[in-house]
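# Working through the structure, step by step
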Amino acid sequence: MLKLRRQDKPQEPALIVEKLYSIGSARDNNLVLTEPYIDPLHARLVTTDGRVTLKDNTSSSGCFVNGQRITQKLLQTGDVIRFGQAEFEVLPLNQTSPQEHGADNWQLVADGSWLTGQTFEIPADKRCVIGRASECDITIAGSHLSRRHVEVSVVGSSLRVRDLDSANGTFVNEKPVKDDLVHNGDRLRVDVYTFLVVDPNVNIDKTQVRSPLPAEFTKTIERKAASTEPKRWKTRPTSPGNRIEPTYPTPSRLSVWPWVSLGAAALLAVLLWILLI
């Protein structure tokens, strides 16, 4: 994704975040140019795999990149492109020009999603609109972001955040807000995009010193010295290696014989009784 900064006259940079970006004099184009020799649909910018290609739409005056007329050209940072009398310089999306940059501006530092590390400045004399539309001051290509999602402006020593009736809401420190003031260190979230709010008058690199802990939390615990005496292990009474199994006497043959003799005599008596009958 790239940004086009006008060179021939002062104008807000055009952010190229749509996959198909139209340029021409007709009002329905993404970038409308009212200069002479601009066709209603003069050219298109096509984004594929993060790369932007300029395609001329058979315009009458043509499209030029670095002084050469082209029909199709892959754009790179630093290229100068011209449509009729309008000239633009190609910049990275997160780069600001010297006119745009100010050392004393509030900053929104992205710390989530693919924007992580990018810094967006909020000038003190301007209301910046964040959304997915190309005409926004900060354009983010988020499918669930409203076209004009939230307005951010400097009010005294605070930053004012005003939700523009967005579909998915605006959050400060994970609390939904409609119109509120934020301060240094707060976190602004729109959809899944999170920003750290940085006040230019606060040194964000200053380390905060923690107060010392109470004495009861810093008391040293003394450990007992290890004993040199041999350990005497105790086993439970039910341990198999420690219990004594009961023993029972084995019956001898002599103790069994009287019972066998009585049974044989009874059986003989029954047989004789049957024969006598």
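Everything quoted here is computed from the prediction, not taken from an experiment.

## A few points about the sheet that holds strand E22 (residues 193-198)
- With antiparallel pairing, the six strands of this open sheet are ordered in space as E13-E12-E22-E21-E18-E19. The open sheet has two free edges, formed respectively by strand E13 (119-122) and strand E19 (175-177), since each of these has just one partner strand. Neighbouring strand axes in the sheet, compared pairwise and without regard to direction, differ in orientation by 30° on average.
- Here strand E18 (residues 170-172) pairs with E19 via three bridges, running antiparallel. Counted as the bridge partner of Val172 is Lys175 from E19.

## Regarding the side chain of Asp39
- Turning to its location among the elements, Asp39 is positioned in the loop between strand E4 (31-32) and strand E5 (43-48).
- At a separation of 2.9 Å, a polar atom in the side chain of Asp39 contacts the main-chain amide nitrogen of Ser60.
- If near-sequence neighbours (up to four positions away) are discounted, Asp39 is found in contact with Gly24, Ser25, Thr58, Ser59 and Ser60.

## Considerations on the nonpolar core
- Within the largest apolar cluster, 24 residues are counted, with the highest numbers of intra-cluster contacts made by Leu108, Ile122, Ile140, Leu159 and Phe195.
- When residues of this core are traced back to their parent elements, those giving at least two are strand E12 (106-110), E13, strand E14 (128-131), strand E16 (150-155), strand E17 (158-163), strand E21 (187-190) and E22.
- If sequence neighbours within four positions are ignored, Leu159 has contacts with Trp106, Leu108, Ile122, Val152, Ser153, Val154, Asp180, Leu181, Val182 and Val197.
- Listed in part, the 22 residues of the second largest apolar core include Leu4, Leu33, Ala43 and Ile81.

Rules of the game
- Residues numbered from 1 in each chain as written.
- Predicted model: local features only at pLDDT ≥ 70, side-chain atom pairs only at ≥ 80, totals over all residues.
- Heavy atoms only, no water.
- Pairing = 2+ DSSP bridges.
- Helix = DSSP H or I, 4+ residues; strand = E, 2+ residues; numbered from the N terminus.
- Axes fitted to C-alpha atoms, helices over the stretch in contact; angles between N-to-C directions.
- Polar contact = N/O pair within 3.5 Å; in protein donor to acceptor, adjacent residues only side chain to side chain.
- Contact = heavy atoms within 4.5 Å.
- Core = buried A, V, L, I, M, F, W, Y, C linked by side-chain atoms within 4.5 Å.
- Buried < 20%, exposed > 50% of the residue type's maximum accessible area, 1.4 Å probe, protein only.

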